[in-house]
Amino acid sequence: MARINLSGMGVALITPFKEDESIDFEALSRLIEYLIQNGTDYLVVLGTTAETPTLTEEEKTEIKRFVVERTKGRIPLVLGLGGNNTRGIIDLSLIHISEPTRQAEISYAVFCLKKKKKKNRLST
């Protein structure tokens, strides 16, 4: 993935829902077009301020693919990745995205906990 210099105004994209709690892709499409037509420099998709914790992995994948398809490389995308399952995050990040699409990824730190050996303070 090529490095992208993000500058200007980035907008954290919300996820619109229908009454039945399914994703409203029609509303999402209108929102994307509105933002692009009104000078947004890049979109942040599924960032930490979004509804990400309440979405299934399938829904996250659908949203990313949908946004990539709708933007058609017209604007850079920052695709959010995060969670407690390292393998799941890696798998989610390997979604095939066509070359014309300029993208970046938000990578959240994955902490590995390791028990430290305690030194015996009485020994010399």
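Residues numbered from 1 in each chain as written. Predicted model: local features only at pLDDT ≥ 70, side-chain atom pairs only at ≥ 80, totals over all residues. Heavy atoms only, no water.

Observations regarding the nonpolar core
Counting 18 residues, the largest nonpolar core has Leu13, Leu28, Ile32, Leu43, Val45, Ile63 and Val67 as its most contacted members. Looking at this core, the elements that each hand over two or more residues are β1 (10-13), α1 (25-37), β2 (42-45), α2 (57-71) and β3 (77-81). When neighbours within four sequence positions are excluded, Ile63 is seen to be in contact with Thr15, Ile23, Phe25, Leu28, Val45, Leu46 and Leu55. (Core = buried A, V, L, I, M, F, W, Y, C linked by side-chain atoms within 4.5 Å. Buried < 20%, exposed > 50% of the residue type's maximum accessible area, 1.4 Å probe, protein only. Helix = DSSP H or I, 4+ residues; strand = E, 2+ residues; numbered from the N terminus. Contact = heavy atoms within 4.5 Å.)

With respect to the packing of aromatic side chains
Scanning all chains against the criterion turns up one aromatic pair. For the pair Phe25 and Phe66, a centre-to-centre distance of 4.9 Å together with 55 degrees between the ring planes defines the contact as tilted. Remark: Phe66 occurs in helix α2 and Phe25 occurs in helix α1; sequence separation between them is 41 residues. On the accessibility criterion, Phe25 (23% relative accessible area) is partly exposed. (Phe/Tyr/Trp six-rings, centres within 6.5 Å; stacked < 30°, edge-to-face > 60°.)

Considerations on the packing of α1 against α2
It is the contact of α1 with α2, at a shortest axis distance of 10 Å, that shows an interaxial angle of 45 degrees. In terms of orientation, α1 and α2 fall into the oblique class. Relative to α2, α1 is oriented so that their crossing is right-handed. For the pair formed by α1 and α2, the contact residues are Phe25, Leu28, Ser29, Ile32, Glu33 and Ile36 on the first element and Glu62, Ile63, Phe66, Val67, Arg70 and Thr71 on the second. Taken together, the residues of the contact of α1 with α2 sort by class into seven nonpolar, two polar and three charged. (Axes fitted to C-alpha atoms, helices over the stretch in contact; angles between N-to-C directions. Parallel < 35°, antiparallel > 145°, perpendicular 65-115°, else oblique. Left-handed = near helix turned anticlockwise from the far one by under 90°. Nonpolar A, V, L, I, M, F, W, Y, C, P; charged D, E, K, R; others polar.)

Quick word on the environment of Val44
Position of Val44 among the secondary structure elements: in strand β2. Residue class for Val44 comes out buried when judged on its relative accessible area of 18%. C-alpha separation for the pair Val44 and Gly10, spaced 34 residues apart in sequence, amounts to 6.7 Å.

A closer look at the pattern of salt bridges
Considering all chains together, one arrives at three salt bridges under this definition. Across the salt bridge formed by Arg74 and Glu33, the nearest N and O atoms sit 2.6 Å from each other. With Arg74 in the loop between α2 and β3 and Glu33 in helix α1, this residue pair connects regions lying 41 residues apart in the sequence. Arg74 gets classed as partly exposed once you look at its relative accessible area, which sits at 40%. Accessibility expressed as a relative area gives 24% for Glu33, which makes it partly exposed. (Salt bridge = Lys/Arg side-chain N within 4 Å of Asp/Glu carboxyl O.)

Remarks on the confidence of the model for the protein chain
When the pLDDT values of the protein chain are averaged, the result is 76; 63% of them are 70 or greater. Here strand β4 (residues 103-107) is the element of the protein chain with the lowest mean pLDDT, 50, and α1 is the one with the highest, 97. Per-residue pLDDT stays below 50 along residues 95-102; that stretch engages in 16 contacts with residues further than four places along the chain or on separate chains. In this model, residues 107-116 is a region of pLDDT below 50 whose contacts with residues beyond four sequence positions or in other chains number nine contacts. (pLDDT = per-residue confidence, 0-100.)

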